[in-house]
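Residue-level structural notes
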Amino acid sequence: MRNRQTFGWIAATASVSLVAGYGFGCTPASRPGGTVGAAGDVASQVYVAPGTHDEFYAFLSGGFSGQLSIVGLPSGRLLKVIPVFSQYPENGYGYSEETKPMLETSYGFVPWDDLHHTALSHTDSKADGRWIFVNGNNTPRVARVDLTHMETAEILEIPNTGGNHASPFVTANTEYVVSASRFSIPVPNRDMPIAEYKGNFKGVVSFINASEAGKMDVAFQLIVPGFNYDLARAGKGPSKDWIFFTSYNTEEAAEKLEINASKNDKDFVAAVNWKRLESCVGEGKGTRMDADYRHNVMDEFTRAGRTETKRSVMTILPSACEGAIYYMPTPKSPHGADVDPTGEYIVAGGKLATVIPVHSFSKMQQAIKDQAFDGDAYGVPILKYEATIAGEVQDPGLGPLHTEFDGKGYAYTSVFISSEIVKWKLGTWEVVDRIPTYYSVGHLMIPGGDSREPFGKYALAMNKITKDRYLPTGMELAHSAQLYDISGDKMKLLLDFPTHGEPHYANALPASLIKDRQAKFFRLAENRHPQVVRAAKETGIERRGKTVHVRMSAVRSSFSPDNIEGVQVGDTVLFHVTNIEQDWDVPHGFAVMGATNAELLVMPGETRTLKWVPTKAGIHPMYCTDFCSALHQEMQGYVRVSPAGSSVPLTAVSSRRSQQMARLNSGEGTPAERRALEQLRPDRPPVTTATDPHAAHRGTSPQR
Amino acid sequence: MLSTSNRILLAAASLLLALAFVFPLWRIVLQAPQYPEGLGLEIHVNTVTGVKPQDLQNINGLNHYIGMKAIEPDTIPELRLMPLALGALLASGLLVALVGRRTLARLWVGVFLLGALAGVADFWYWQYDYGHNLDVENAPIKVPGMTYQPPLFGTKKLLNFTATSWPAIGGWAAFSALALAIVAVTRRNDSTGRAVPRATRPAPVGASLPVGPSRSLT
């Protein structure tokens, strides 16, 4: 045991120096042929034949990319990247006028965040396939991603919180999503010396109402001692009213935490009874505190985000609600807190510990009854270690972090420093198998491994260090993930694949749960965007002072209007582009020369707006950026920009075809009108807004 | 007079026509590599719809590339006429079954037969018109000599699409009604068990065999 650890430390140190040496030298020579880590023919186990589908959807957090990626398992194929907290020029998220409000915070527009963890919505402690929640660590936020549209539907800022790391874990029936502060700060935040941290800085555990789409709200915040709260997991079955948070820095150090927060032999797992808190708040034991935070929702029908400012938040102190929180001493700066499928065991990954401590929920209940306390921390009772501990896994490797379960009585713990997954048995606490990861695994994930019914077939290791696993790509390397077969007694490495950003945690669910519910297009008839183009008469161009609104339709293979004149330097042009297609997988793109933001990708039936402030006179091409059809290259137009004060009238030319498609798609108009429409021949003069008083009937509204 | 059983047969034939009001008469399905889920049209007694709600406009959208007119059910007069004609046929069929006179019944079946032929011919004509009467000048895709008439029965390749056309439940119901009605007016009235008239006697299996070779010899 001792020897193994010593060796591990030496190996880790040696590899660091080696890498340092390489850094100043040259790129490592390419690896000779042959696999490292995989044994035998495993290809068939991850081969998903062309045209067939993966068994699981896996949702991998993107870490510093601020995004969430969808990967198919077992193939490891990247299916989609969903922008959540980060602007995404690829589809205009955070650039289009409709999506900008999603990134509003009390600090202003924050177009980036550090997306650490994922949490599928649960019913009865099992994934129900409705949503996945993700956290923003830096500017504390929690987002809800809809699993029918696979896009960000809602973002809530969390007040009084520094570093939303212990988030977004869900309770058994998604009653609440939690957020707890990694960095304690003064609550409410104020200007004060950092040296006065101890006793003045507070941690905050927030419970967010999450059971209804579009109505996320901070229900209440428990103000706790100023430790660093790290990760969490809600109870299940008998423990379903509780949620468990790891904490470290119980030293309350405010400087050189590396050393000063690693002094105590034991830190805490905080056991919080949320049912109890709920009733205390219900009895009026909380205090409403002034606050300033934002709630952003993407409207299902206008497809536009809106931001609501919130001015207060309900808070409650542990002293006002006896029995709501207890501390369980846990060795040494614990990281993950994971609850087994039965709800009885709480596994803490003590990242500097030499054992994996496992607490028992029933023992904890008994200890509370017996008042087996070992003092208190700022009034929060500390339970005796021996009174709650069920067992310790000996020799788990160096740096155990996170644990998932296979539903067959085994737990799998990721071990960072010795770079391996350790399989051990619940109840006997004996290690039964271990397998290397490449390299330094952070989280690991078993589909459903955090739920009451895991699918114990695969485990995914998400690693922090990549080094030589793929063709070298300069200094910055993609993070690596490995897929293991855990269906047998021995774990088996199946696949190694690069990922987007830095996946911290991930969740997976069986494809069959959501695959048939995927949205294919938005119904144009249900589009309630104020600038939607559902009918020919709605396309057109309109000036309101220095602002020019262009209501434009996009359909294979034309924009309407396609040529615009009369725009002036210094105008603000808003292109409201409606994709009037009603077919699957036919997005249209929109870009205009010199736009300082991004392009738009407009889904069928949807309206998106690009803001453009032309700075130079001249002709500016615009075009469709998403190859949509055989005549995609013809899907273009021009904007003529004249100097400010020019007398060029505002006009727009609309193609007959796109106007007709707009009418047909909206199903509007009488038969006579439809026949009249048919009479419109392309050889007639184009419809313009400048002079024709009847233009409104033919597809453009008069100039104002 | 028709026997009771034949009158019941006639009434049943008339009632079978009611299915044509509920179910589509004809279905044309289009398949192409980039449409793995297929696109399709259903011709109902009073309208044309997509097999999936959005199919019609998507077919119209695609058809503009070859200069085909948009299919707009409101502009097709037959779709206003057909429910009336079919309704009248159904009602009069019941009446004829009630009256039970053989000549009247034969007249009704004759009208039905002519109506059915006219309907199918008219459908073919619309297909011809959509497929041939193209706005070639403004069509982005022009393939010399190519026309786009879908088949009446069966399958045909139209550029990247494979078009398959067959009667649907409503159509099969109408054809079955016609067949039943013909049986009703041609079958012998009495129940002596003697041979039925030639017109409806099923040909014995293999009866045409001697004809085939002799024809090919001449």
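Residues numbered from 1 in each chain as written. Chains lettered and ligands numbered in written order. Predicted model: local features only at pLDDT ≥ 70, side-chain atom pairs only at ≥ 80, totals over all residues.

1. Re the overall build of chain A
Along its length, chain A carries 10 helices and 46 strands. The proportion of buried residues among the 704 residues of chain A is 53%. Of the contacts made within chain A by residues no fewer than 6 positions apart, 63% connect residues no fewer than 24 positions apart. (Helix = DSSP H or I, 4+ residues; strand = E, 2+ residues; numbered from the N terminus. Buried ≥ 20, exposed ≤ 12 C-beta atoms within 10 Å, placed from the backbone. Contact = placed C-beta atoms within 7 Å.)

2. A short note on the overall build of chain B
Counting secondary structure elements, chain B contains 7 helices and 5 strands. For chain B, the succession of helices and strands along the chain, N to C, is α-α-β-β-β-α-α-α-β-β-α-α. Out of the 218 residues belonging to chain B, those deemed buried represent 26%.

3. Examining the sheet that holds strand E26 (residues 389-394) of chain A
All names here are of chain A. With antiparallel pairing, 4 strands are arranged side by side in an open sheet as E21-E22-E23-E26. Every interior strand has two partners, whereas the edge strands, strand E21 (334-339) and E26, have only one. The sheet shows a mean angle of 20 degrees between the axes of neighbouring strands, direction not considered. As paired strands, strand E22 (residues 345-350) and strand E23 (residues 355-360) are joined by 3 bridges and run antiparallel to one another. Across the sheet, the residue bridging to Tyr345 is Ser360, located in E23. Across the sheet, helix H5 (residues 361-369) lies against E22, E23 and E26, angled at about 60 degrees from E23, the strand it touches most. (Pairing = 2+ DSSP bridges. Axes fitted to C-alpha atoms, helices over the stretch in contact; angles between N-to-C directions.)

4. What to know about the pairing of E21 of chain A
Residue and element names in this part refer to chain A. Most of E21 is tucked away, with 6 of its 6 residues classed as buried. Pairing between E21 and E22: 4 bridges, direction antiparallel. By the bridge assignment for E22, Ala337 is matched with Ala348. Linking E21 back to E22 in an antiparallel pair, the connection comprises 5 residues, with Gly343 at a positive phi of about 85 degrees.

5. Here we look at helix H1 (residues 4-16) of chain B
Residue and element names in this part refer to chain B. Here H1 spans 18 Å end to end across 13 residues, near enough to the 18 Å set by a 1.5 Å rise per residue. Here H1 has its buried residues at Asn6, Leu9, Leu10, Ala13, Ser14 and Leu16. Looking straight down H1, one finds its buried side chains confined to an arc of 160 degrees; they lie on one side. Exposed and facing more than 90 degrees away from the buried side of H1 are Thr4 and Ser5. (Expected span 1.5 Å × (residues − 1). Arc of directions from axis to C-beta.)

6. Things to note about the sheet that holds strand E2 (residues 67-73) of chain A
Residues and elements named next belong to chain A. A sheet is described by the order of its strands in space; here 4 strands give the open sequence E3-E2-E1-E35, paired in antiparallel fashion. Every interior strand has two partners, whereas the edge strands, strand E3 (77-83) and strand E35 (506-510), have only one. Each strand of the sheet is rotated relative to its neighbour by a mean of 20 degrees, with strand direction disregarded. Where E2 meets E3, 6 bridges bridge the pair, whose relative direction is antiparallel. Bridging from a neighbouring strand, Leu68 pairs with Ile82 of E3.

7. Quick word on the environment of Ala97 of chain B
Residues and elements named next belong to chain B. Within the fold, Ala97 resides in helix H4 (residues 78-99). Note on Ala97: 24 C-beta atoms within 10 Å, which makes it buried. Sequence separation between Ala97 and Ser14 is 83 residues, and the spatial gap between their C-alpha atoms is 8.9 Å. For Ala97, the residues in contact, after removing those within four places along its chain, are Arg7, Leu10, Ala11 and Ser14.

8. Here we look at the nonpolar core
Residues Phe245, Val272 and Leu460 of chain A are the most contacted members of the largest nonpolar core, which totals 131 residues. For Val272 of chain A, the contacting residues outside a window of four places in its chain are Val205, Leu222, Trp242, Ile243, Phe245, Ala324 and Ile325 of chain A. (Core = buried A, V, L, I, M, F, W, Y, C linked by C-beta atoms within 7 Å.)

9. Brief notes about the confidence of the model for chain B
Residue and element names in this part refer to chain B. On average, residues of chain B score 87 in pLDDT, and 86% of them are at 70 or above. Residue range residues 190-196 is modelled with pLDDT below 50. Its contacts to residues more than four positions away, or to other chains, number 5 contacts. Note on residues 198-218: pLDDT is under 50 here. Beyond four places in sequence and across chains, it has 8 contacts. Overall fold confidence (pTM) sits at 0.86, and the ipTM for the predicted complex is 0.77. (pLDDT = per-residue confidence, 0-100.)

10. Regarding the domain arrangement of chain A
Residue and element names in this part refer to chain A. Each assigned domain of chain A is listed with its residue range as follows: domain 1 (53-516) and domain 2 (527-698). Here the C-alpha centroids of domain 1 and domain 2 sit 46 Å apart. Of the residues lining the interface, 11 residues belong to domain 1; the matching set on domain 2 comes to 15 residues. Split into classes, the residues belonging to the side of domain 1 that touches domain 2 amount to 4 nonpolar, 4 polar and 3 charged. (Domains from an automatic or database assignment. Nonpolar A, V, L, I, M, F, W, Y, C, P; charged D, E, K, R; others polar.)

11. Side note on the confidence of the model for chain A
All names here are of chain A. Across chain A, the average pLDDT comes to 90, with 87% of residues at 70 or higher. Ignoring residues within four places in sequence, the model shows residues 1-33, a span with pLDDT below 50, making 11 contacts including any to other chains. In the model, residues 672-704 has pLDDT below 50 throughout and makes 62 contacts with residues more than four positions away in sequence or in other chains.

12. Description of H4 of chain B
For H4 of chain B, which comprises 22 residues, the first-to-last C-alpha distance of 30 Å matches the rise-based estimate of 32 Å (1.5 Å per residue) to within 8%. Contacts from the buried residues of H4 of chain B go to H1, helix H2 (19-22) and helix H5 (102-132) of chain B.

13. So, unusual backbone geometry
Residues and elements named next belong to chain A. Looking along the chain, the bond that leaves Arg556 and enters Ser557 is cis, with omega of 0 degrees. Looking at the secondary structure, you find Ser557 in the loop between strand E37 (547-555) and strand E38 (558-560). Cis geometry marks the peptide bond from Ser560 to Pro561; its omega dihedral reads -5 degrees. Turning to its location among the elements, Pro561 is positioned in the loop between E38 and strand E39 (563-568). Phi angles above zero are rare outside glycine, and Gln371 is one such case at about 50 degrees. You can see Gln371 is positioned in the loop between H5 and strand E24 (373-377). A positive phi angle, near 60 degrees, is found at Trp429, a position not held by glycine. By the secondary structure assignment, Trp429 is in the loop between strand E29 (420-425) and strand E30 (431-436).

14. Digging into the packing of H1 of chain B against H4 of chain B
Residues and elements named next belong to chain B. The geometry of H1 relative to H4 is characterised by a closest axis approach of 8 Å and an angle of 170 degrees between their N-to-C directions. Regarding the angle of H1 to H4, the classification is roughly antiparallel. Packed against H1, whose contacting residues are Arg7, Leu10, Ala11, Ala13 and Ser14, the element H4 presents Leu90, Gly93, Leu94, Val96 and Ala97 at the interface. Among the residues forming the contact of H1 with H4, the class breakdown is 7 nonpolar, 2 polar and 1 charged. (Parallel < 35°, antiparallel > 145°, perpendicular 65-115°, else oblique.)

15. Quick look at the pairing of strand E34 (residues 492-498) of chain A
Look at any regular strand and the pattern is simple: side chains alternate between the two faces of the sheet. Residues and elements named next belong to chain A. Sheet topology places strand E33 (residues 480-485) next to E34; 6 bridges connect them, and they run antiparallel. Its bridge partner being in E34, Leu483 is matched across the sheet by Leu495. What sits between E33 and E34 in their antiparallel hairpin is a turn of 6 residues.

16. Looking at the packing of H5 of chain B against helix H6 (residues 169-186) of chain B
Packed helix pairs are specified by the crossing angle of their axes together with the interaxial distance, meaning the distance between the axes. Residue and element names in this part refer to chain B. Here H5 crosses H6 at 150 degrees, and the two axes come no closer than 10 Å. Accordingly, the angle class assigned to the pair H5 and H6 is roughly antiparallel. Note that H5 runs across H6; the crossing there is left-handed. Contact with H5, carried on its side by Arg102, Ala105, Arg106, Val109, Phe112, Leu113 and Ala116, involves Ala174, Leu178, Ala181, Ile182, Ala184 and Val185 of H6 and no other residues of that element. A breakdown of the residues in the contact of H5 with H6 according to their chemical character gives 11 nonpolar, no polar and 2 charged. (Left-handed = near helix turned anticlockwise from the far one by under 90°.)

17. Here's the deal with the environment of Val281 of chain A
Tracing the chain through its elements places Val281 of chain A in helix H4 (residues 274-282). Not counting residues within four places of it along the chain, the set of residues in contact with Val281 of chain A comprises Phe220, Gly286, Met314 and Ile316 of chain A.

18. Side note on the environment of Arg534 of chain A
Residue and element names in this part refer to chain A. With respect to the element layout, Arg534 can be found in the loop between helix H7 (511-514) and strand E36 (540-544). Using a count of 22 C-beta atoms within 10 Å as the deciding quantity, one classes Arg534 as buried. Sequence spacing of Arg534 and Leu495 is 39 residues, and the spatial spacing of their C-alpha atoms is 48 Å.

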